[in-house]
Number of protein chains: 2
Amino acid sequence: MKHVYFFSKGLTDGDRTQSALLGGKGANLAEMTRLGVPVPPGFTITTEVCRHHLITHEMPEGTDAQVEDAIRRLERLSGKKFGGAEDPLLVSVRSGGAVSMPGMMDTILNLGLNDETVEGLARVSGNAAFAYDSYRRFLQMYSDVVLELDHDAFESILGEARRQAGVETDYELEGDALRSVVRGYRELIDRESEAPFPQDPEEQLWGAIEAVFRSWRNPRAQAYRKTYGIPHDLGTAVNVQTMVYGNRGSDSGTGVAFTRNAADGEPKLFGEFLINAQGEDVVAGTRDPLSIDQMREYLPRSFDQLKETAERLEKHYREMQDLEFTVEQGTLYLLQTRTGKRTARAAVRIAVDMANEGLITRQEAVLRVEPERLEQVLHPMVDPSADYTPLAEGNPASPGAASGRVVLSAKEAVERAREDDPVILLRTETSPDDFEGMVAAVAIVTSRGGKSSHAAVVARGMGKCCVVGTKELEIDEEAGEIRARGRTVRRGEWITVDGASGEIIEGRIPTVKPEPGADFHELMGWADECRRLRVRTNADNPADAATARGFGAEGIGLCRTEHMFFGDERIDAVREMILADDKSGRAAALAKLLPMQRSDFVGIFRAMDGLPVTIRLLDPPLHEFLPSERDEIERLALGLGRPEAELEAAVARLHEANPMLGHRGCRLGYSHPEITAMQARAIIEAALDVAEDGVDVRPEIMVPLVGHLDEFDNQKAIIDAVAREVFAERDRRVDYLVGTMIELPRACLTAGAIAGPAEFFSFGTNDLTQTTLGLSRDDAGSFLPLYVEAGVYARDPFQSIDTEGVGRLMALAVSEGREARPSLKIGICGEHGGDPPSVEFCHALGMDYVSCSPFRVPVARLAAAHAALKEQGADGKMERT
Amino acid sequence: MKHVYFFSKGLTDGDRTQSALLGGKGANLAEMTRLGVPVPPGFTITTEVCRHHLITHEMPEGTDAQVEDAIRRLERLSGKKFGGAEDPLLVSVRSGGAVSMPGMMDTILNLGLNDETVEGLARVSGNAAFAYDSYRRFLQMYSDVVLELDHDAFESILGEARRQAGVETDYELEGDALRSVVRGYRELIDRESEAPFPQDPEEQLWGAIEAVFRSWRNPRAQAYRKTYGIPHDLGTAVNVQTMVYGNRGSDSGTGVAFTRNAADGEPKLFGEFLINAQGEDVVAGTRDPLSIDQMREYLPRSFDQLKETAERLEKHYREMQDLEFTVEQGTLYLLQTRTGKRTARAAVRIAVDMANEGLITRQEAVLRVEPERLEQVLHPMVDPSADYTPLAEGNPASPGAASGRVVLSAKEAVERAREDDPVILLRTETSPDDFEGMVAAVAIVTSRGGKSSHAAVVARGMGKCCVVGTKELEIDEEAGEIRARGRTVRRGEWITVDGASGEIIEGRIPTVKPEPGADFHELMGWADECRRLRVRTNADNPADAATARGFGAEGIGLCRTEHMFFGDERIDAVREMILADDKSGRAAALAKLLPMQRSDFVGIFRAMDGLPVTIRLLDPPLHEFLPSERDEIERLALGLGRPEAELEAAVARLHEANPMLGHRGCRLGYSHPEITAMQARAIIEAALDVAEDGVDVRPEIMVPLVGHLDEFDNQKAIIDAVAREVFAERDRRVDYLVGTMIELPRACLTAGAIAGPAEFFSFGTNDLTQTTLGLSRDDAGSFLPLYVEAGVYARDPFQSIDTEGVGRLMALAVSEGREARPSLKIGICGEHGGDPPSVEFCHALGMDYVSCSPFRVPVARLAAAHAALKEQGADGKMERT
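Everything quoted here is computed from the prediction, not taken from an experiment. (Residues numbered from 1 in each chain as written. Chains lettered and ligands numbered in written order. Predicted model: local features only at pLDDT ≥ 70, side-chain atom pairs only at ≥ 80, totals over all residues. Heavy atoms only, no water.)

Participant: Account for the overall build of chain A, with residues named and values stated.
Facilitator: Helix and strand content of chain A: 35 helices and 31 strands. C-alpha extents for chain A along the principal axes are approximately 105 × 60 × 55 Å. Out of the 881 residues in chain A, the part that is buried amounts to 59%. About 34500 Å² of surface is accessible on chain A, with carbon and sulfur atoms providing 48% of the total. Here chain A holds 100 positive side-chain charges and 142 negative ones, and the gap between their average locations is 4 Å. (Helix = DSSP H or I, 4+ residues; strand = E, 2+ residues; numbered from the N terminus. Buried < 20%, exposed > 50% of the residue type's maximum accessible area, 1.4 Å probe, protein only. Areas by Shrake-Rupley, 256 points an atom, 1.4 Å probe, with all protein chains shown as cover. Lys, Arg positive; Asp, Glu negative; His and termini not counted. Charge placed at Lys NZ, Arg CZ, Asp CG, Glu CD.)

The following block contains the structure:
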C-alpha cells in the first residue's frame, strides 16, 4: 500500500485529482510541482492513513518505512540532514483534508530543530537570532499542538524577554535574548509536560503527524463537520515539506495573493506582503503589510515570477486562485494554491470576465455564482468599514440595510414618513393591520416571530430590510422607547437595521448600495439562455411589479388582493361589508370597493404589458380586517357610527380557534359569492380597460385554498358568469384563465379531478407545508429551531421545500394533474419559489414557472439555470474538463 | 314494448324481482297475487313509461292500447264496466317507485265515478250515502292532485254540510247531505278549475296517471331525493287497481298490520283496524281504531285469514311485513305488503328470533340490523309518551337523555353534583378547563360549536348526553340563567336534555333506559363470529374501560393522558411544571405527578386484564392547562403564590395563533423529554405493579403527532431507556410496544420510514382530517354545513372518513407501513372508529382494529361484521336467495 506521496521537481506521485486521498492542499502541491511551479519539496501522508489511525490508533503497516524513505529523499534533494548537527533539514507539518475545515491543527514550522541542530542552523545561516527565533517558534507550536500545553505561559516568557530587552516586538529580540527565551521554554516544558520534549527529529515528526490525526476529532472540528454536513470518516492528510524562510533578511519575505480582486473582481494580482517575515507574522497582524504592488519595488524579480506563476495557475485551474508564497533570499516558493473566496459582486464579475476571456464557458460562468448569494449584489448593506457595537441582535429575515427614525406603531409610521424622514417600524409582532405602516417604513423589526412570520414574509415581498424575533429588544409602545442591553432609544431617534446580520444599531450607520453592473446583466442573460423554468414574481402593486420586471420577472405569479384592502379609505368599505347584516348590505359595500380594485388591476396590468398576471382572490379570514384590541374597536365604532357592542359581537362571531384552518380562501367565496363576483368583475373590467389602450393583458384568476373539486367548480362558475356579463356589457372580450392554488394536501390528492376544469395550478407551498407537516408558521418558533438544529429537517421547511413530505404530494399533484390535462400550466408561488434548492426541485418536477418576491427574481433565474445545467450534467462535465 | 303489467289470480305478468320496473308496490302486488294472496286485480304502468313521459311529456307508443286492454280485462274479471251506468268498475290509482319516497302523489280512490255512474253505484250497493261519499272523496282527491285546486275550499263545504246536518263526523252524513256536498264540489271545480271535471272515466284515468308522473318532479320529492341521494331519473310506476271497500257496513273494514311488533319485536301479529271505514279514515285518526286482537272478535274469519296470510308473506319474504288490508263484506283483500319499519330494539329481537326460527341465517340476522341504530338500544331516551314543548333545540351531539339542575360553570357543576342532585352543564362552549365539570354533569349543552366541538367529542367519549350549537339558547352566566323563546330558566332549576333529538326541555321529563336483552347479546355474538376487525375503545379511566369491556371492547385503542391532568390536585402540579423556570423545576413538578399517573394506569390495566391498552403520551399544547381569562389568572396567581404578571407572561408566551398546528404532541416530548420520561415511567411501573398481582398487562405506548421519523426515534429512545431503567430497578420486566399515532399527512407520506422502528400505527383521523383538508373542527361551523348541504362532502368529514382525500393517505400509509414491517399492527382511534361507513373503509384497508367511545363499541362490532359479510358478498347472495 502506498501511504506517502512525494512531490519534487524530479518526482511527483500525486496530482490535483487526488484531493480525496491527499487532501486539497496536498493535491495542489503535487499539481503545482508537476506544473514546474517552484514548491519546496515534500510529501503527503494520505487520508487513508488517518482513517486507519482514527480507528486503530496505529499507523498502517509500512507507513514508517515510507515516511523514512521520503525524509531520506528530502535529505538527498536538499543536501541537508534531518537532525544533522551541521546543516539540519527542517520541515513544516500541515494538515489538509479534502474539504477545507477550520478548527483543526494547522501548522508546525521548523520541525527538526533541537538543542544541537539549532546551533548548526545558527552556524550555517550565520544568524543566531534567526536560528533561535526559529527554535522558539517551533517549541511554542509543538508545545501547543502536540504536547497540548497552555499557550499563555509561553507568551509571558516572551513578554518578559521583550521587557528585559526594552523592545516592543519579537523580531527586535537578539540572539542572546532569544537563547534565554528558548531556555525558559524548555524549562516550562520539562515542568508542565508529562512527556519530555523530544530531541529526536523523527520522534518530533511522528508526534506532529499524530497530533494532526488527533485534531480531526477535536470538538471544534466535529462541530464544524456537523454544521456543514461533512462526513466524519473522511480523515485528513498530512503534508510534510522542506522549510523555506521569508525571515532571512531584506531579500526575503512572505505573503498571500489573489489572482483577482476578491472584493470587486478586478482582474489584477492582489494581496499582501511582508519583508523579512514568516507566514505567521502576516496572520498575526503586528506589522503593517505591503500591498502586492509595492512588492514590485522591493523584490522586482520575485514579483514578476509570482505574477507569471499566478497567471499560469489561474489558467491551469480555470478559477481565481488564492496563493501563499515565500521569498527566501531572492528565491520564490509557492506554499499553497486554492480557489479564492470572494464577495458576491466579485463572483459575478470574475465569472463573466473569465467567460469573456475564453477561460471558461458561459455555462460554467453561470454555475460559478451561487444563486443564494446573488441577493447581496442587489440590496444595500451596512458599510463594511463602519465601526459600531450593536444594540441588539435578532434573526435576519429580509436582507438590506437602512437607517431611520424609531416608530412604534403603523399609524405613527405613516404619519412620520409623510414628514420625509425615513422611519423604522418596531413592533412586538406585525399583523395585516400594520401593512400600511410597513409600506411607509424603510425597515421593520419585531421582537417576536420567526423567518416565516407575517413581518418577515411581507417585508421580503416588499424587498424591505427586516429583522425578526429580536428577543432581547423590549419594545415599549406606551413608554415610547425600545430597550436592550441596558440602553434605551426613544421614539423618533435614529437607528440602523442590518437585515443581513440581524443587527439593530443605534444612530445612523453609513450603508452602501451596490449597483448591479453590466457584468451582472450579462451573467443573467447567459443564465436565461440555460434555464427552462420561467420566473415570475409575487407583487401586489404596480411599483413592485415594475421593480420585478426590471429584475427580469416574466410575469406575476401571485398578486395578493387582500393587501389592497388595507388602504385608508378601503378598510372602511371592507369593514362595512363584513359588518353588513345581509347580502344587499354587503353588495353596497362591495360596490364601493369595485372601482378601487379595478384601478389596482389597471396599474398592474399596465406594468406587466405582454406578461401573464396571476391574481389570487381574497384569501384571509374576514376577522383579519377587524381590529382585535379593545381601544381599536372603540375607535372603529366611533368612526363607523355603530354601537361598540355590535362590533364586539362581530369580532367574537368571526373569532377562530385556528384561523389558518378556518373560514378563508375559496370558503369565503363559497359562502359570500358576491365577493368573488366583485373581484372577478374588477379584474375583467380592468383587463378590458387596458386592452382598449393596446396593452397585451393576460389575466389568470386564481382561486385560493381549494380542497375539493366542487369548490373550484363553484368559484369558476361565478367568475365565468361575471366575465360573460362584462363582455356583453362592453361588447368586447379578453382571454383569461381560471386556475387554483394547490395548498392543501387534499388538493394534491385530488389534483386529477381538479385539473379537469382548472387551467393552471400554482403551489402555495407555505400553506401546503403548514398543513402537510401540521405546523403553524407562527407558532413553530418554539420548537422548529430545535428540529433544524438537530437535523430533523436539514433546512427550515418554510424556507426550503420538505421534498420527502410536501414534495411527494407536489409530485403526485403534478403527475395526476398533467395526466388529466396535459396542457396544465403549473407554477409555485410560495416563499419557496425564491429558494435555490426548491427551485431545483420545481425544475425536476417539470413545472412551468416559479414565482418569488421581486428581489429574489435574479436568484430564481440563476437557480433555474443551475437546475437545468445540473440536469444536463453540465456541472460534472465541467469539473472533469 | 310492454308498458303495462297485469296482476290477477288468473294472470300475473310481474314478480318481486321487478321493483325497478314496477316499483316496490307494484312488484309486491304481483308477487302477492302469484302467491295466491287475495289482492284486488289491477295493473302497473312501468317506470319506463314515467321516464319517457318526464322527458317527452308524452306516453310512449302503445301505452294507450295496453292500458285500454288492461281495463277491458278488469271489466271481464269483475263483470263491471268502466263508466258503466249500471255497475261501474271503479279503480284506485297509486304511485310507487323503486324506493319509497314521501312527497309524491299518493292515492286517488274511486276513479270511474261521475254524475251518472254514482247513481249506478248507489243502486247496485243499495246505499246512496256510500255512493255519494265515494264520489265526494274522489272529487276531492282528484281536484287536489290532478286539477291542483286548493284543498281548504272543499273542507269548508264539507264542514258546512256537517253543521247543517248537526253531526260531528263525515261518516254520519246521509245520502242527501252528501249529494249536496257533491253538488257543492262540482260547482267549486267548475268555478276554480281551468279544465272542467272530466266525466269520462278514461279521461279521469289519464289525468290521474299524468298527475302521478308530474308529482315525481314536485319540489318536496326533489328535495327528498337530493337529501337521500336517490337518482332523479328513476321515475315512478303507476298502480291501477280495482276498488274494494271497507266502508260497506259492519262486515267491512280496513287496517294495517305488522307481522311482528314494530316497537319491541314481539313475534305476534300487531296493528290497527277500523270497522266500516276506508283506508284514509285510519290515517285521518278521527275514529279510534281497534287493535288487531279485537278484530278477531268482530271478524273472526277474516282475522284468521289475515293471520295466515301474514305468516305466509313473512315466510315468503323472510322479513317482517307491514300490510295494508281491507275486508269488504266479509272478504279479505291485501292492498300492500312491504318490509316493516321498526325500532332499533325491535330490529334486534326480530333478527335474532327469525334466525332462531330458521327463517334466516345468523349472518342475515347480523346484516338485518343497521349498526348506526344500535346505539339507541343502549342509551336512555325521553319517554316517547311524554308530552312537552321544548325550550330550545340544538344539534344532537351525543345520544341519551337526562334531567338535572341547571349549572353554568364547571366549578358549580362539581360543587352541586356533590350535593347528590344530578346537574346539567350549560356553557357557550367548553374547553379542557371544563373537564371536571363535564364529568360531574349528567348532560352537557353548548350554545356554540358543532358535532366535532370539544363538548361533543368529550361527551361522546364519556357516553354522556350532549346537545351543541343551541344557538337560540342564551346562556347568561352572570345573570345565572338561560333564556330562549321568551322563557327563562334559573340556575338550579330542572331541565331535561334529549341527546337524540337535540331538544332542551323545561322541568323533569321522564326518561326510559332500555336494557339490552339476551337477544342483543346473541346478535352481537353472531356479529363477532363474522367480523375480522377487532374493536377497541377510547377510554381514559377504569370506569369507562369497564363499561366498554362490558360492551365487548377488546382492548383500549386510545387512552388520553391529558384528561388525567385536570384533576383538582393535579392541575396545580401541571401548572407548576409549566411555570418552572428550568428543567429541575419541571422535574420536581413531574415527580409529584408520577405517582398519580401510575395509579391511573394501574386502574386501567386491571380493568383491561388480558387485553392491550394503548396509552397516548401527552398531546395538547401546554397553554390548555393554563387559564386564559383575567380573573382566573388572578385566582391562580393567588393560589400558587406567584406574581400575576409572571402568570400572564407565561400565558402570553405560550399563546399560539393556531394551537392545532402548534407546540403539542411529540413536539412537546421532544422539547421537554422529561415529560415523556415521567409518563413512560408511570406506565412501566404500573405495568410491573399489576403484573405482580397476576394481571396480564399489555401496554402499548403511543407517541402522538409524529411527522418525521426522527421525532419517533427520539421519543422511543427515551421510552426504552426509562423502561430499561425501571426493569433494572425492579429486576423484573414486562413486554410493551412503542408505536405512533398517524395523524399528519407527512406521517402518511413517510409511513414506510416510520414503520421501521414503530411497532404499531393508530390513525388519528380527527387531526388527519383537519390537516389534510386544512379545516379546523372548531371553526368549520361557519362554512362546513354549507358544504355538506350542497353535497360537496356527502357526510361531515369529521364524522365519516373522507375516503377520497384522507382515505387515500391512509391507504398509502397502510401499504407502505406494512411493506416496511409486515407485522405492523394498524388501528384507528379517531372519532371515525365508531362510524359504520368508516369502519367498513378500515376493514377494506386491512387494518387490525378500530377504536371508539364505549357506547359505540357495539356499533363498531356490528359494522365490522357487516363489512366482512359484504366483502364476502354475503349481503347480495342473501338477497338473491
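Now that the structure has been shown, we can carry on.
Participant: Explain the relation of the copies chain B and chain A to me, and be specific about the residues and the numbers.
Facilitator: Rotating chain B by 180 degrees and translating it 0.1 Å along the rotation axis places it on chain A, where the RMSD comes to 0.2 Å. The relationship between the two copies is best expressed as a two-fold rotation axis. Closest approach to the rotation axis among the C-alpha atoms of chain B is made by N658 of chain B, whose C-alpha sits 2.1 Å away. Here 100% of the contact residues of chain B are again contact residues in chain A; the copies associate through an equivalent surface. (Least-squares fit on C-alpha atoms with pLDDT ≥ 70 in both. Contact = heavy atoms within 4.5 Å.)

Participant: Describe in detail the interface of chain B and chain A, supporting the description with residues and values.
Facilitator: At the junction of the two partners, chain B supplies 48 residues and chain A supplies 48 residues. Interface area lost by chain B to chain A is led by L661, R746 and R808 of chain B, which between them contribute 16%. Among the salt bridges present, the one from E816 of chain B reaches R808 of chain A, with a minimum N-O distance of 2.5 Å. The tally of links from chain B across to chain A stands at 30 residue pairs in polar contact (both at pLDDT 80 or more). (Buried area = accessible area lost by both parts, 1.4 Å probe. Salt bridge = Lys/Arg side-chain N within 4 Å of Asp/Glu carboxyl O. Polar contact = N/O pair within 3.5 Å; in protein donor to acceptor, adjacent residues only side chain to side chain.)

Participant: Tell me about helix α19 (residues 518-530) of chain B, residues and numbers included.
Facilitator: The first and last C-alpha atoms of α19 of chain B sit 19 Å apart over 13 residues, in line with the 18 Å expected at 1.5 Å per residue. Against α13 (344-356), α14 (362-368), α15 (375-378) and α34 (857-871) of chain B lie the buried residues of α19 of chain B. (Expected span 1.5 Å × (residues − 1).)

Participant: Summarise the packing of aromatic side chains; cite the residues concerned and give the values.
Facilitator: For the structure shown, the criterion picks out 28 aromatic pairs over all chains. Between the aromatic rings of F273 of chain A and F325 of chain A, the centroid separation amounts to 5.8 Å while the plane-to-plane angle is 10 degrees, which identifies the pairing as stacked. Of this pair, F273 of chain A sits in strand β7 (residues 270-275) while F325 of chain A sits in strand β9 (residues 321-328); the two residues are 52 residues apart in sequence, bridging distant segments of the chain. Across the pair, exposure class does not vary: F273 of chain A and F325 of chain A are buried alike. Taken together, a centroid distance of 4.8 Å and an interplanar angle of 90 degrees make the contact between F130 of chain B and Y245 of chain B edge-to-face. (Phe/Tyr/Trp six-rings, centres within 6.5 Å; stacked < 30°, edge-to-face > 60°.)

Participant: Describe the sheet that holds strand β28 (residues 737-742) of chain B, and please don't skip the residues or the numbers.
Facilitator: Residue and element names in this part refer to chain B. Pairing is parallel in the closed barrel, where 8 strands are placed in the order β24-β25-β26-β27-β28-β29-β30-β31. Shown here is a sheet whose adjacent strand axes are inclined to one another by a mean of 25 degrees, direction ignored. Sheet analysis places strand β25 (residues 556-560) next to strand β26 (residues 612-616), joined by 3 bridges and oriented parallel. The residue bridging I556 from the neighbouring strand is V613, located in β26. Across the sheet, helix α22 (residues 583-607) lies against β25, β26 and β27 (698-703), angled at about 150 degrees from β26, the strand it touches most. (Pairing = 2+ DSSP bridges. Axes fitted to C-alpha atoms, helices over the stretch in contact; angles between N-to-C directions.)

Participant: Let's hear about the pairing of strand β30 (residues 825-828) of chain A: which residues, and what values?
Facilitator: Residues and elements named next belong to chain A. Here strand β29 (residues 760-763) pairs with β30 via 4 bridges, running parallel. Of the residues in β30, the one forming a bridge with F761 is I826. In terms of handedness, the path from β30 via helix α33 (residues 836-844) over to strand β31 (residues 849-852) forms a crossover that is right-handed. (Right-handed = clockwise from strand over helix to strand, strands pointing away.)

Participant: Could you give me a rundown of the confidence of the model for chain A, with the residues and numbers involved?
Facilitator: Averaged over every residue, the pLDDT of chain A is 91; residues scoring 70 or more account for 98%. With a pTM of 0.84, the predicted complex shows an ipTM of 0.83. (pLDDT = per-residue confidence, 0-100.)

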